[in-house]
Amino acid sequence: MEKNKGREGFSSGLAAFFATLGSAVGLGNIWKFPYVVGSNGGAAFLLVYFICIIFIGLPVMVSEFYMGRKTRKSVVGAVQELNSNNKWKSIGVFSILAAYFIVFFYSAVGGWVYSYVFKAIKGDFSGATSETVKGMFMNTITSPVSSILWQLIVIAVVSIILASGVKNGIERITKTLMPVLFILILVCDARALTLPGVKDSFRFLFKVDFSMLTKQGVLMAMGLAFFKMSLGMGTMTTYGSYFTKKDNMMATAAKVAISDTIVSLLVGIAVFTAVFSFNMAPESGPGLLFMTVPLVFTKLPFGSILLVAFFILASIAATTAMMSMCEVAIAYFVEQKGMTRKKAVLINAIIIIILGIPATLSADPSGVLGGITVFGKTFFDLFDYISSNILLPLGGLLIAIFVGYTIPKKDINLELSNEGEIRQEKLIDFYYIVLRYVTPVLVFIVFLSSIGVFEKILKLF
Ligand code: TRP
């Protein structure tokens, strides 16, 4: 018997794929992935990243899908239904808190990205120099009225889409916009590949340099895998709860991981080719997105059009990813608090506004709440570091242990094979073994090594 029959969901496997990809592809592909890869040893880092995807990311993603689709519930309801023991309840609560922690800074950056679309259209960047782009970025983050206004616009756009429902909102928008995003990336790449910096950019991204790979780099590869695949805070559980009973969850997870990585690499090639063609140094994070990109793109013939395309694709990525973060709490409000969907969306928006605005204001180093940042970087680094490298892996660890050790194997077999319809016993066995014995151990080792535990032990001898 199908559970929660009246509950809304995605209409097909393709819709589920686009929605999930919409969650995975986000600002992480644009301001994080390329730089982190380039500055941590290129292909050597990618290798570690792929290992993290295969042995940590995919098993956690499939487990989250399992929790959602099996129960057809939000993350809190799913955990409760799968195991009535109260001690697991914290996974649900933890997920919702982590989701908000990320949404606050994500919506602030989303606001800056939206505002840059308009700046690019107005031609504000023509004749830009490194001084003027820096000035404009500082202006963007330090003028409280406009940055809050843009943040409110992002929250409003996301809320309107989410209020339209799972099918009419999330499904329709991701199915339309993901292909658009992909085409815009290809346009940027086509332009970039004719530039002289191609070689340098490929060298930056793909050279194998194990000497640049540090322990912190390994931690970052793991954190990046979690952040990129939207894991560890209930997003994939919530989206999984909207999958049809016919969806092949393992295949969906693999397709999303591969497509997301391709998007990241294509963005990296476009951005770094432009950067190296003008002999500039690759910057990280906000500096790369908001200063370097406008500066180098406008130097190209037709660059101003390219810049508009680039910020539109960044806005699409930010919007569909943020939708998925908000959906975690919205699904919870609807299911556990009995709210209508519209009311849940409204309450969610109010929470983000009340707590997200201080986050935005704190980006201003000279402002009332500022003083902790240099060009917005420390502010970013802090949120980003805590969420990607601590909260998400911790959430993922709990999920791996929860599904791996409290759910009977036969339940997992039934659900992942769609009650025996898909013949993939071997793959399910492999997933189960990895989930129980490899994922938690790897996450744990990376944690310990990043805080230097192994060195301390070695010193004892
Ligand atoms: N994956 C998105 C990105 O790369 C961010 C994201 C969306 C996310 N939902 C999430 C990260 C849930 C962690 C958890 O930008």
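Read on for a plain summary of the structure. (Residues numbered from 1 in each chain as written. Predicted model: local features only at pLDDT ≥ 70, side-chain atom pairs only at ≥ 80, totals over all residues. Heavy atoms only, no water.)

**Things to note about the overall build of the protein**
Defined as follows: Secondary structure is summarised from DSSP: a helix means a run of H or I of at least four residues, a strand means a run of E of at least two, and numbering begins at the N terminus for each. Both definitions apply: the radius of gyration is a C-alpha atom measure, and the globule rule equals 2.2 Å times residues to the power 0.38. For every residue, the accessible area obtained with a 1.4 Å probe (protein chains only) is divided by the maximum for its type, and the residue is called buried under 20%, exposed over 50%, and partly exposed between those limits. Note on contacts: a residue pair is in contact if any heavy atoms of the two residues lie within 4.5 Å. Exposure was quantified through the Shrake-Rupley algorithm and a 1.4 Å probe, taking into account, for residues, occlusion by the shown protein chains and nothing else. Under the convention used here, Asp and Glu are negative, Lys and Arg are positive, and both His and the chain ends fall outside the count. To locate a charge, take NZ of a lysine, CZ of an arginine, CG of an aspartate or CD of a glutamate.
Within the protein, the secondary structure is distributed over 19 helices and 0 strands. What you see for the protein is a C-alpha radius of gyration of 22 Å, in line with the 23 Å of a compact globule of 461 residues. For the protein, the spread of C-alpha atoms along the three principal axes comes to 65 × 60 × 45 Å. A total of 461 residues make up the protein; the buried ones form 59% of that total. In the protein, the proportion of contacts linking residues at least 24 apart, taken out of those at least 6 apart, comes to 81%. Split by element, the accessible area of the protein, about 18,000 Å² in all, is 70% carbon and sulfur. A gap of 2 Å separates the mean positions of the 38 positive and 25 negative side-chain charges of the protein.

**Description of the site of the ligand**
Threshold: When we say a residue is near a molecule or strand, we mean one of its heavy atoms is within 4 Å of it. A 3.5 Å cut-off defines polar contacts: any pair of N or O atoms within that distance qualifies, except that in protein one atom must be a possible hydrogen donor and the other a possible acceptor, and neighbouring residues in sequence count only when both atoms are side-chain atoms. Using a grid of 1 Å spacing that covers the protein atoms alone, one calls a set of points a cavity when a 1.4 Å probe fits there but cannot get out, and a pocket when the set is open and has protein on both sides within 12 Å along at least five of seven lines; lining residues are those with an atom within 4 Å of a point. Molecule-in-pocket calls rest on the fraction of atoms, with more than half required to lie within 2 Å of the cavity or pocket grid points.
By nearness alone, 17 residues border the ligand, and Ala 24, Gly 28, Tyr 106, Phe 227 and Lys 228 come closest of all. Here a nitrogen atom of the ligand sits 3.1 Å away from a polar atom, N or O, in the side chain of Ser 230. Separating a nitrogen atom of the ligand from a side-chain N or O atom of Ser 324 is a distance of 3.3 Å. Here the ligand loses 100% of its free accessible area of 360 Å² to cover by the protein chains. Most atoms of the ligand, that is more than half of them, are within 2 Å of grid points of the largest cavity. Listed by contribution, the elements that provide at least two residues to the shell around the ligand are helix H1 (13-24), helix H2 (27-39), helix H5 (89-122), helix H10 (215-228) and helix H14 (303-336).

**Quick look at the nonpolar core**
Side chains of a nonpolar character, in soluble globular proteins, are inclined to be buried together. The test is simple: For our purposes a nonpolar core is just a set of buried Ala, Val, Leu, Ile, Met, Phe, Trp, Tyr and Cys residues, chained together by side-chain atoms within 4.5 Å.
The biggest cluster of nonpolar side chains holds 161 residues, and the ones touching the most others in it are Phe 10, Phe 310 and Val 403. When residues in this core are grouped by element, the largest group, 22 residues, is from H14.

**Digging into the packing of aromatic side chains**
Our working rule: Ring pairs are drawn from Phe, Tyr and Trp, using the six-membered ring of Trp, whenever the two centres fall within 6.5 Å, and their geometry is named by plane angle: stacked under 30 degrees, edge-to-face over 60, tilted for the rest. Two conditions define a charge sitting above a ring: the NZ of Lys or the CZ of Arg must be within 6 Å of the ring centre, and it must be within 35 degrees of the ring normal.
Taken as a whole and assessed by the stated rule, the structure comprises 25 aromatic pairs. With a centroid separation of 6.5 Å and an interplanar angle of 20°, the aromatic rings of Phe 290 and Phe 311 are classed as stacked. Residue Phe 290 is found in helix H13 (residues 285-297), and its partner Phe 311 is found in helix H14; the two are separated by 21 residues along the sequence. For the residue pair Phe 290 and Phe 311, the accessibility class agrees, reading buried in each case. Here the aromatic rings of Tyr 332 and Phe 333 are separated by 5.7 Å at their centres, their planes lie at 50°, and the arrangement is tilted. Like Tyr 332, the residue Phe 333 is buried in the burial classification. Positioned over the ring face of Phe 227 is Lys 32, at 4.2 Å from the centre of the ring. The positively charged end of Lys 299 is found above the aromatic ring belonging to Phe 278, 5.8 Å away from the centroid.

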